[in-house]
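Geometric and topological summary
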Amino acid sequence: MSEKIPNVAALLEETKTIFRNHFNEEPLQFVYAPGRVNLIGEHTDYNGGFVMPMALPLITIIVGKKNNGSKSYVYTSASTVDTSQEAILDMEHITDKSTGPKWSLYVRGVIANYIGTAPAFKAVIHSTVPIGGGLASSAALEVAVYYFLDEIGEPSKATVVNRALACQQAEHEYAGVPCGIMDQFVSFMGKTRQALLIDCQKMTVDYIPLTDPRIVVLITNSNVKHELTGGEYSTRRKQCEEAAQLLKRVSLREATTHDLDYLKSINANEEVIKRAKHVISENRRTKEGAEMLKQGNYMGFGRLMAESHNSLRDDYNVSCSELDDLVELAMEVEGVLGSRMTGAGFGGCTVTLLFSNAVEKVMDNIRRKYKGVPTFYICEPSEGAAKLCDCRI
Ligand code: GLA
């Protein structure tokens, strides 16, 4: 069996109950933002390239209300041994990164980058996005906080793109991760039954229907997270920038396979050449993949997913043995169209496209042979961030 994903209404009720128990008051505003899975187009967003994620039914809910005074009180239902579940934020010193639990930095970051004036508030955060599992749990939190601020304050005039950029900035400045725009963008812009082909340079989106009832998107969480993620991510980003600079291009978006020959001819660093090779080929795969999905060519799309994984493993070097094993175990089963690591890498999840009648067999094969303990999610493309209504009000 795959994990049962609670529906939004049930999760909202749970979150409201946590709020009542914690604050002894009624919450008045309710919002959510989803996590995402990326179908193809990995490590291309910060190179001005193309990505193709979809929003998930795994979501982060925030309920709460405005608070008089200058202090905000935020409580998260996610408990860990080494961090407090409550944060008190002084809205007049919101840029102070030295206090409070680590998760509250994301909240601070969004408040600091909010386009408009953020009032003080009381809020509860409750989420089904696995934390640090490569399904954009941090973007879901950032976008939910942004949406919540929009709900409790003056309605913001900022465009969706500018809101996504503000959330990305929060992650850069407050979590220290120089991420691209994909996660925040899709968390705002996701649509039911559709994947998003995002042009990360033009910041535009082309919606691609994913409605064939025979086809399933299966996410497998390796449940491992290798510590290297933060540092390795920014190293990759710098290597790509170096390649673009050597080629005298604004970004690798403009680069072609001929440019790889040029990089070789000037004896550029071997790793830099491999990174550029991945980005150039991944952009091509993502654009081709979008066309294939539009035509219902799932076999072709699956092949591109497999190529994408190999490129991430061999040229971008961001996979790990657990992700490689999960991909291989999925691909062993008849009815699987394609499988690859998804997200930043070094742990987290794989995404597999397959025929629905193969789902049980794949999960069984992985359970029997994978060295760790996997978690499975069967996911349909879902709606982006939204406010929820309390039907009793
Ligand atoms: C993380 C980042 C994204 C993107 C992916 C890799 O999820 O937040 O911006 O770069 O890694 O594709």
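For the structure given in this document, a descriptive report is provided here. Everything numeric here is computed off the predicted structure, so don't read it as measured data.

What counts and how
Residues numbered from 1 in each chain as written. Predicted model: local features only at pLDDT ≥ 70, side-chain atom pairs only at ≥ 80, totals over all residues. Heavy atoms only, no water. Helix = DSSP H or I, 4+ residues; strand = E, 2+ residues; numbered from the N terminus. Rg over C-alpha atoms; globule rule 2.2 N^0.38 Å. Buried < 20%, exposed > 50% of the residue type's maximum accessible area, 1.4 Å probe, protein only. Contact = heavy atoms within 4.5 Å. Areas by Shrake-Rupley, 256 points an atom, 1.4 Å probe, with all protein chains shown as cover. Lys, Arg positive; Asp, Glu negative; His and termini not counted. Charge placed at Lys NZ, Arg CZ, Asp CG, Glu CD. Near = heavy atom within 4 Å. Polar contact = N/O pair within 3.5 Å; in protein donor to acceptor, adjacent residues only side chain to side chain. Nonpolar A, V, L, I, M, F, W, Y, C, P; charged D, E, K, R; others polar. Salt bridge = Lys/Arg side-chain N within 4 Å of Asp/Glu carboxyl O. 1 Å grid on protein atoms, 1.4 Å probe; cavity = no way out; pocket = protein on both sides within 12 Å on 5 of 7 lines; lining within 4 Å. Points joined across faces, edges and corners; volume = space filled by probe spheres on them. Axes fitted to C-alpha atoms, helices over the stretch in contact; angles between N-to-C directions. Parallel < 35°, antiparallel > 145°, perpendicular 65-115°, else oblique. Left-handed = near helix turned anticlockwise from the far one by under 90°. Core = buried A, V, L, I, M, F, W, Y, C linked by side-chain atoms within 4.5 Å. Phe/Tyr/Trp six-rings, centres within 6.5 Å; stacked < 30°, edge-to-face > 60°. Disulfide = S-S within 2.5 Å. Pairing = 2+ DSSP bridges.

Here we come to the overall build of the protein. Scanning the protein for helices and strands turns up 11 helices and 12 strands. The C-alpha radius of gyration of the protein comes to 21 Å, within 12% of the 21 Å expected for a compact globule of 393 residues. Along the first, second and third principal axes, the C-alpha atoms of the protein reach 65 × 50 × 40 Å. For the protein, the residues scored as buried account for 58% of the 393 residues in total. When contacts within the protein are restricted to residue pairs at least 6 apart in sequence, those whose partners lie at least 24 apart make up 72%. Carbon together with sulfur atoms contributes 51% to the accessible area of the protein, which is approximately 16800 Å² in total. Distance from the positive charge centre (42 side chains) to the negative charge centre (48 side chains) of the protein: 2 Å.

The next subject is the site of the ligand. Looking at the ligand, the residues that line it are Arg-36, Glu-42, His-43, Asp-45, Tyr-46, Cys-179, Gly-180, Met-182, Asp-183, Tyr-233, Gly-343 and Ala-344. Take His-43: an N or O atom from its main chain is 2.7 Å from an oxygen atom of the ligand. A distance of 2.6 Å separates an oxygen atom of the ligand from a polar atom in the side chain of Tyr-233. Protein coverage of the free-state accessible area of the ligand, which is 310 Å², stands at 93%. Partitioned by chemical class, the residues of the shell around the ligand number five nonpolar, three polar and four charged.

Per the counting criterion, the structure on display carries 24 salt bridges. Across the pair Asp-259 and Arg-249 runs a salt bridge, and its minimum N-O distance is 3.0 Å. Of this pair, Asp-259 sits in helix α7 (residues 257-265) while Arg-249 sits in the loop between α6 (229-246) and α7; the two residues are 10 residues apart in sequence, bridging distant segments of the chain. Relative accessible area serves as the criterion here: at 32%, Arg-249 is assigned to the partly exposed category. Overlapping salt bridges, with partners in common, bring together Glu-42, Glu-282, Arg-285 and Arg-340 in one network.

A probe matching the size of a water molecule, rolled over the atoms, marks out where space remains unfilled. Estimates place the volume of the second largest pocket at around 270 Å³. Along the walls of the second largest pocket sit 14 residues, with Leu-210, Asp-212, Pro-213, Ile-215 and Glu-380 positioned nearest its centre. By residue class, the composition of the lining of the second largest pocket is 10 nonpolar, one polar and three charged.

With that settled, consider the packing of helix α3 (residues 137-152) against helix α5 (residues 182-189). Where α3 meets α5, the axes come as close as 9 Å, and the angle between the chain directions of the two elements is 50°. In terms of orientation, α3 and α5 fall into the oblique class. Relative to α5, α3 is oriented so that their crossing is right-handed. Where α3 approaches α5, its residues Ala-139, Ala-140, Glu-142, Val-143, Tyr-146 and Tyr-147 are matched on the opposing element by Asp-183, Gln-184, Ser-187 and Phe-188. Grouping the constituent residues of the contact of α3 with α5 by class yields six nonpolar, two polar and two charged.

Bringing the nonpolar core into the picture now. Within the largest apolar cluster, 44 residues are counted, with the highest numbers of intra-cluster contacts made by Ile-62, Val-107, Ile-111, Phe-121, Tyr-146 and Leu-149. In terms of residue count, the dominant contributor to this core is α3 (nine residues). Setting aside residues no more than four positions away along its own chain, Ile-111 makes contact with Leu-89, Met-91, Ile-94, Ala-118, Phe-121 and Leu-149. If you look at the next biggest cluster of nonpolar residues, it comprises 32 residues, including Ile-208, Ile-219, Leu-337 and Cys-349.

What follows covers the packing of aromatic side chains. Overall, the coordinates contain six aromatic pairs when judged by the stated rule. Note on Tyr-114 and Tyr-146: the rings are 4.7 Å apart at their centroids and 50° apart in plane angle, and the pair reads as tilted. A residue pair is termed long-range when its members are at least 10 positions apart, and Tyr-114 in the loop between α2 (104-113) and β5 (121-127) and Tyr-146 in helix α3 qualify at 32 residues. There is no split in this pair, since Tyr-114 and Tyr-146 are both buried.

Applying the stated criterion across every chain, the model contains zero disulfides. There is no disulfide at Cys-179, and the cysteine sulfur nearest it, in Cys-167, is 9.9 Å away. Counting only cysteine sulfurs, Cys-349 is the nearest neighbor of Cys-320, a cysteine outside any disulfide, at a range of 11 Å.

What follows deals with the sheet that holds strand β8 (residues 215-225). Reading across from one edge, β9-β10-β8-β11 is the order of the four strands in this open sheet, with antiparallel pairing throughout. Sheet topology places β9 (336-342) and β11 (375-378) at the edges, where each strand pairs with a single neighbour. Strand-to-strand twist across the sheet, computed as the mean angle between neighbouring axes with direction ignored, equals 20°. Bridging between β8 and β11 involves four bridges; their strand directions are antiparallel. Within β11, the residue paired with Asn-221 across the bridge is Thr-375.

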